[in-house]
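Below, each chain spelled out in residue letters.
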Amino acid sequence: MASELRTRSIVGVALIALALGALLSGGLLFWLLLAVAGVLMQGEWADLNGASAEQRKLSMFAVSVPLAILCPLAAGVDGFAVGLMIAAFLFVMAATRGYRLAFGIFYICVPVMALLFLRGQEPNFYGLLLAFWALALVWATDIGAYFAGRSIGGPKLAPRISPSKTWAGLAGGVLAALITGFLLHRFAGLPIQLAAASGLLAVAAQLGDLFESAMKRRAGVKDSGMLLPGHGGVMDRLDGVVAAAPLAALLYLMVGQA
């Protein structure tokens, strides 16, 4: 148990350092990290949906096309990237006759586009703040939900999908997200409207977690993969981001630059 906890902690710290380093750098490095994660997630998505080895490879190749065009040295986040994402979805669906497998294209590309859009806002510090807000709220939600759920317990949130999640955990995650949002407003200049909406991102992150849990339960597996020792697969670490990042981008578009 101690060895497993140590491994999980080491890998967790390494992942956070990698994410923060790419986030601070922005541009090419941030895109590269998201693109690699996206291709790996498509492989895990294929496994959870019972795809064959050939279908898995085909879907990973297909998702790499819109992810590649999102590179800042290529088209970046624009309408062309959206068109390629739709084309990749249609291609996978036609080639495999599996709409569930094809839906992974949207599941992966939409949050990647959202994070790149937020990070690309000017000035550079503002883009960094927006992208960090979207990611930090997911981390805060996970931490708040864990400690509130363990210390308070109580009624289960969705016992048939994820027996460990409680309503108290959800409340703790929302509170942690709100605190994080208002701290970013107070000390970094995050617009007050976005800080106040941070609780919505916490709910979205928990829904993203439940969605992936439902997929794993249907597939009869504990984790989406085994790539990350002590953490499972890439989807296991980014399921909350998948749901929260597009909502964060939408909220930013509604609020506008402060």
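Quick note: structure is the one above.
Residues numbered from 1 in each chain as written. Predicted model: local features only at pLDDT ≥ 70, side-chain atom pairs only at ≥ 80, totals over all residues. Heavy atoms only, no water.

> Looking at this model, I keep getting lost on the packing of helix H7 (residues 167-188) against helix H9 (residues 198-219). Mind explaining?
In helix packing, the relevant descriptors are the interaxial angle and the interaxial distance, both defined with respect to the helix axes. Direction vectors running N to C along H7 and H9 enclose 140°, while the axes themselves pass 8 Å from each other. When the axes of H7 and H9 are compared, the pair comes out oblique. Our pair here, H7 against H9, has a crossing hand that is right-handed. Where H7 abuts H9, its residues Leu-170, Gly-173, Val-174, Ala-177, Leu-178 and Gly-181 lie against Ser-198, Gly-199, Ala-202, Val-203 and Gln-206. (Axes fitted to C-alpha atoms, helices over the stretch in contact; angles between N-to-C directions. Helix = DSSP H or I, 4+ residues; strand = E, 2+ residues; numbered from the N terminus. Parallel < 35°, antiparallel > 145°, perpendicular 65-115°, else oblique. Left-handed = near helix turned anticlockwise from the far one by under 90°. Contact = heavy atoms within 4.5 Å.)

> Before we go on, may I ask you to explain helix H3 (residues 53-69) in this structure?
Each α-helix winds once per 3.6 residues, and so residues spaced three or four apart point in a common direction. Between the first and last C-alpha of H3 there are 25 Å, a value that for 17 residues agrees with the 24 Å anticipated at 1.5 Å per step. When we look at burial in H3, the residues that qualify are Ser-59, Met-60, Ala-62, Val-63, Pro-66, Leu-67 and Ile-69. Of the surrounding secondary structure, the elements contacted by the buried residues of H3 are helix H2 (27-48), helix H4 (79-96) and helix H5 (99-119). (Expected span 1.5 Å × (residues − 1). Buried < 20%, exposed > 50% of the residue type's maximum accessible area, 1.4 Å probe, protein only.)

> Explain the nonpolar core here, please?
If you look at soluble globular proteins, the nonpolar side chains tend to sit buried side by side. With 65 residues, the main nonpolar core has Leu-70, Ile-105, Leu-115, Leu-118, Trp-133 and Leu-190 as its most contacted residues. Here this core gets 12 residues from one element, more than from any other, and that element is H5. Setting aside chain neighbours within four positions, we find Leu-70 in contact with Trp-31, Gly-76, Val-77, Ala-81, Val-112, Met-113 and Leu-116. (Core = buried A, V, L, I, M, F, W, Y, C linked by side-chain atoms within 4.5 Å.)

> Sorry if this is basic, but what is going on with the packing of aromatic side chains here?
On inspection of all chains with the given rule, the structure shows 10 aromatic pairs. Arranged with centres 6.0 Å apart and planes meeting at 35°, the rings of Tyr-107 and Phe-211 form a pair that is tilted. In this pair, Tyr-107 is assigned in helix H5 and Phe-211 in helix H9, connecting sequence segments 104 residues apart. Owing to a relative accessible area of 36%, Phe-211 belongs among the partly exposed residues under this scheme. With 6.2 Å between their ring centres and 55° between their planes, Tyr-126 and Tyr-252 make a pair best called tilted. Highlighted residues: Tyr-126 in helix H6 (residues 124-152) and Tyr-252 in helix H10 (residues 234-255), separated in sequence by 126 residues. We classify Tyr-252 as buried; its relative accessible area is 6%. The rings of Trp-45, Phe-89, Phe-103, Phe-106, Tyr-107 and Phe-211 are connected pair by pair, giving a single aromatic cluster. The positively charged end of Arg-186 is found above the aromatic ring belonging to Phe-187, 5.1 Å away from the centroid. (Phe/Tyr/Trp six-rings, centres within 6.5 Å; stacked < 30°, edge-to-face > 60°. Lys NZ or Arg CZ within 6 Å of the ring centre and 35° of its normal.)

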